[in-house]
Amino acid sequence: MGLGLRWTLHGDGRTPAPGAVVRPDERLSWPRTAGLGAQHVVAMFGATFVAPVLMGLDPNLAIMMSGVATMVFLLMTRGRVPSYLGSSLSFVGVAAAIRASGGDSATITGALLVVGVVLAAAGFVVRRFGARVIHAVMPPVVTGAVVMLIGFNLAPVTASTYWPQDQWTALLTMLFTGLAVVALRGFWSRVAIFLGLVFGYAVSWLLDRLFGRIHSPVGGGEAVDHWRLDLSAVGEADWVGLPSLHAPAFQWSAILVALPVVIALIAENAGHVKAVGEMTGDPLDDELGTAIGADGAATVLSTAVGGPATTTYSENIGVMAATRVYSTAAYWAAACFAVLFGLCPKFGAVIAAIPGGVLGGITVILYGMIGLLGAQIWLAGNVDLRNPLNLVPVAAGVIIGVGGVTLEITDSFELNGIALGTLVVLTGYHALRALAPAHLREQEPLLDEGTSSYGEAVTGADDGDGDGGDGKGAAKP
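Predicted model, so just to flag it, every value in this text is computed and none were measured.

A. Summary view of the overall build of the chain. Scanning the chain from terminus to terminus reveals 22 helices and 8 strands. Computed over C-alpha atoms, the radius of gyration of the chain comes to 23 Å, within 12% of the 23 Å expected from 2.2 N^0.38 for 477 residues, which places it in the range of a compact globule. Each principal axis of the C-alpha atoms in the chain carries an extent, and together these give about 65 × 60 × 50 Å. Buried positions account for 51% of the 477 residues belonging to the chain. Relative to all contacts within the chain whose residues are 6 or more apart in sequence, the contacts with residues 24 or more apart total 76%. Carbon and sulfur atoms form 65% of the exposed surface of the chain, whose accessible area is close to 20,900 Å². Between the mean site of the 24 positive side-chain charges and the mean site of the 34 negative ones, the chain shows a separation of 11 Å.

Right, dumping it as structure tokens:
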């Protein structure tokens with residue numbers, strides 16, 4: 001397939017035939033391909049610019065580099081893995097921790113660049129030795145715990161920084177976004193975060209007109225009088241121009257905080273490749289290492305100029321599933337649109353003006369969803385938390401990560417939060433597994449009979465579907 005830059009026309013170029021899909025090496029007519037590319041941009045839009053805003057990075061640069069990163073990914077995977085690479089939300093907690101310890105944007109991007117290098121190296125290892133390396137080092141119990149503590153570690157950011165800026169706008173935005181996620185269908189449900197931001201914008205503007213300025217903290221600082229929605233910078237911004245670039249800076253303390261996110265990124269990539277392979281009918285297990293390495297290379301490129309880390313986006317998988325179009329030509333179109341958006345400073349000014357209360361409402365749901373993805377990983381991997389071998393390291397690591405527990409190594413070096421929690425889960429699980437008796441390693445339920453019976457009652461409870469089971473057709477044993 002070469003670099004994956006040659007596509008054959010699918011059918012008449014208008015729509016997929018009944019029951020057929022447009023494969024990665026096929027395309028529809030170029031106008032329709034451009035339209036699909038625009039749809040992919042809208043799908044990734046909300047999370048891609050929210051992530052840099054929450055990390056204090058330039059959203060214009062993030063959008064532009066997401067396009068460049070997508071191009072790099074498509075080239076490295078030779079067009080076999082249709083995917084869009086947007087800003088990774090997994091690093092929001094990392095950025096908050098680094099800034100809390102005195103770091104700046106350069107320190108954040110330096111730490112993320114090192115993560116990109118490690119991710120690229122992990123991709124090489126997976127390509128050389130196979131996916132079994134991932135499962136051996138990072139079984140579902142470990143991966144789920146790390147993703148969970150990364151998400152829930154962000155709770156104080158919402159509670160102390162965003163929500164207090166305008167609690168009523170935050171509440172309304174949270175309610176609208178939650179309703180959009182659940183009640184809307186198809187494409188609209190996949191852009192619920194974007195719709196929530198638009199709704200919050202409108203509510204903030206309306207409240208400013210009705211009640212004037214609000215007296216509240218700004219960015220976690222002291223309470224002052226301010227407009228909820230301040231668009232003064234939009235009028236001053238140019239229509240065309242380069243986003244602000246900066247070089248990364250490297251500090252060991254910041255790097256150690258960021259490194260655990262490698263686990264989450266590997267899990268995201270593995271899930272993405274598997275999902276795309278199943279949808280297209282083309283098993284892509286042999287591309288897993290390449291995809292992980294490509295994501296790492298794209299992250300290095302983005303952070304080297306001051307942008308955020310990147311990752312494959314599930315939002316765009318949803319668009320492909322809805323349209324049955326898996327053509328990488330559509331992703332090239334999306335990448336080109338993203339680069340053009342990034343070259344418009346006025347667009348960036350609009351993004352930077354998102355009111356704090358709106359971010360408060362969005363992040364309540366967003367951060368919680370990130371954390372609960374860890375629980376989903378446990379469910380998919382059949383992780384039995386009644387087994388002390390799983391329960392003990394997870395319990396300790398999650399509490400350390402979420403609570404921000406600190407371990408002072410020396411006067412100038414300490415481990416805390418995400419980094420310490422991940423270290424406890426990863427090393428604790430493997431150390432305990434090496435020492436545990438065989439019956440524990442087989443993950444049998446080992447707590448007392450009363451607790452085990454309770455677990456059976458819960459998982460076998462009638463779910464109301466008439467089969468007396470747990471939603472999967474029968475009660476669990």
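B. Representation of the domain arrangement of the chain within the structure. By domain assignment, the chain separates into domain 1 (23-379) and domain 2 (384-436). Each of domain 1 and domain 2 has a C-alpha centre, and the two are 27 Å apart. Counting residues at the interface gives 19 residues for domain 1 and 18 residues for domain 2. With both chains or domains summed, domain 1 and domain 2 bury close to 1,600 Å², and 84% of this area falls on carbon and sulfur atoms. On the domain 1 side of the contact with domain 2, V141, L149 and N153 bury the most area, a combined 31% of that side's loss.

C. Here's a closer look at the pattern of salt bridges. Under the criterion given, the structure shown has 6 salt bridges. Note that R228 and D208 form a salt bridge whose closest N and O atoms lie 3.0 Å from each other. Of this pair, R228 sits in the loop between β5 (223-226) and α11 (232-236) while D208 sits in helix α10 (residues 192-211), placing them 20 residues apart in sequence. Among the charged side chains, a salt-bridge network with shared partners connects R78, R80, D286 and E287.

D. Highlighting the nonpolar core. One finds F91 and V94 to be the most contacted residues of the largest nonpolar core, which totals 96 residues. The element contributing the most residues to this core is helix α1 (residues 30-55), with 10 residues. Not counting residues up to four positions away in its chain, the partners in contact with V94 are L112, V257, A258, V261 and I418. Membership of the second largest hydrophobic core comes to 5 residues, among which are L28, L36, V325 and A330.

E. Fine view of the packing of helix α2 (residues 59-76) against helix α16 (residues 328-342). At a minimum axis separation of 7 Å, α2 and α16 run at an interaxial angle of 155°. As summarised for this structure, α2 and α16 are arranged roughly antiparallel, according to the angle between their axes. Crossing angle aside, the handedness with which α2 passes α16 is left-handed. Taken together, the residues of α16 that come into contact with α2 (itself represented by N60, I63, M64, S66, G67, V68, T70, M71, L74 and L75) are T328, Y331, W332, A335, C336, A338, V339, F341 and G342. Of the residues belonging to the contact of α2 with α16, the class tally is 13 nonpolar, 6 polar and no charged.

F. Representation of the environment of A419. Tracing the chain through its elements places A419 in helix α20 (residues 417-435). Along the sequence, A419 and H215 sit 204 residues apart, while their C-alpha atoms lie 36 Å from each other. If sequence neighbours within four positions are ignored, A419 has contacts with L256, V257 and P260.

G. Broad picture of a nonpolar patch on the surface. Together, W205, L206, L210 and F211 make up a nonpolar patch on the protein surface, roughly 470 Å² of accessible area in all. For W205, the position within the fold is in helix α10. Given a relative accessible area of 46%, W205 falls into the partly exposed group.

H. Region of interest: the packing of helix α6 (residues 140-152) against helix α18 (residues 356-380). It is the contact of α6 with α18, at a shortest axis distance of 7 Å, that shows an interaxial angle of 170°. Classified by the angle their axes make, α6 and α18 are roughly antiparallel. Between α6 and α18, the residues in contact are P140, V141, T143, G144, A145, V147, M148, G151 and F152 and Y367, G368, I370, G371, L372, L373, G374, A375, I377 and W378, respectively. Residue classes in the contact of α6 with α18 are distributed as 13 nonpolar, 6 polar and no charged.

I. Spatial organisation of α10. In this model, α10 (20 residues) spans 28 Å end to end at C-alpha, consistent with the 28 Å of a helix rising 1.5 Å per residue. Two residues or fewer past α10, G212 is found with a positive phi of approximately 75°.

J. Examining the side chain of S216 more closely. Tracing the chain through its elements places S216 in strand β4 (residues 214-217). Separated by 2.8 Å, the side chains of S216 and H226 make a polar contact. With sequence-adjacent residues up to four places away left out, S216 is seen in contact with P164, Q165, E222, A223, V224 and H226.

K. Representation of the side chain of H226 within the structure. By the element assignment, H226 lies in strand β5. Classification of H226 as buried rests on a relative accessible area of 16%. In this view, H226 contacts Q165, R213, I214, S216, P217 and V218; residues no more than four positions away in its chain are not counted.

L. Region of interest: the confidence of the model for the chain. Put simply, the chain has an average pLDDT of 83, and 90% of its residues get 70 or more. Per-element confidence in the chain ranges from a low mean pLDDT of 37 for helix α22 (residues 449-459) to a high of 95 for helix α14 (residues 288-304). Of the regions scoring below 50 in pLDDT, residues 444-477 engages in 39 contacts with residues more than four places distant in sequence or in other chains.

Reading the values: rules and limits
Residues numbered from 1 in each chain as written. Predicted model: local features only at pLDDT ≥ 70, side-chain atom pairs only at ≥ 80, totals over all residues. Heavy atoms only, no water. Helix = DSSP H or I, 4+ residues; strand = E, 2+ residues; numbered from the N terminus. Rg over C-alpha atoms; globule rule 2.2 N^0.38 Å. Buried < 20%, exposed > 50% of the residue type's maximum accessible area, 1.4 Å probe, protein only. Contact = heavy atoms within 4.5 Å. Areas by Shrake-Rupley, 256 points an atom, 1.4 Å probe, with all protein chains shown as cover. Lys, Arg positive; Asp, Glu negative; His and termini not counted. Charge placed at Lys NZ, Arg CZ, Asp CG, Glu CD. Domains from an automatic or database assignment. Buried area = accessible area lost by both parts, 1.4 Å probe. Salt bridge = Lys/Arg side-chain N within 4 Å of Asp/Glu carboxyl O. Core = buried A, V, L, I, M, F, W, Y, C linked by side-chain atoms within 4.5 Å. Axes fitted to C-alpha atoms, helices over the stretch in contact; angles between N-to-C directions. Parallel < 35°, antiparallel > 145°, perpendicular 65-115°, else oblique. Left-handed = near helix turned anticlockwise from the far one by under 90°. Nonpolar A, V, L, I, M, F, W, Y, C, P; charged D, E, K, R; others polar. Patch = residues over 30% accessible without salt bridge, like charges linked within 9 Å, V, L, I, M, F, W, Y side chains within 5 Å. Expected span 1.5 Å × (residues − 1). Polar contact = N/O pair within 3.5 Å; in protein donor to acceptor, adjacent residues only side chain to side chain. pLDDT = per-residue confidence, 0-100.

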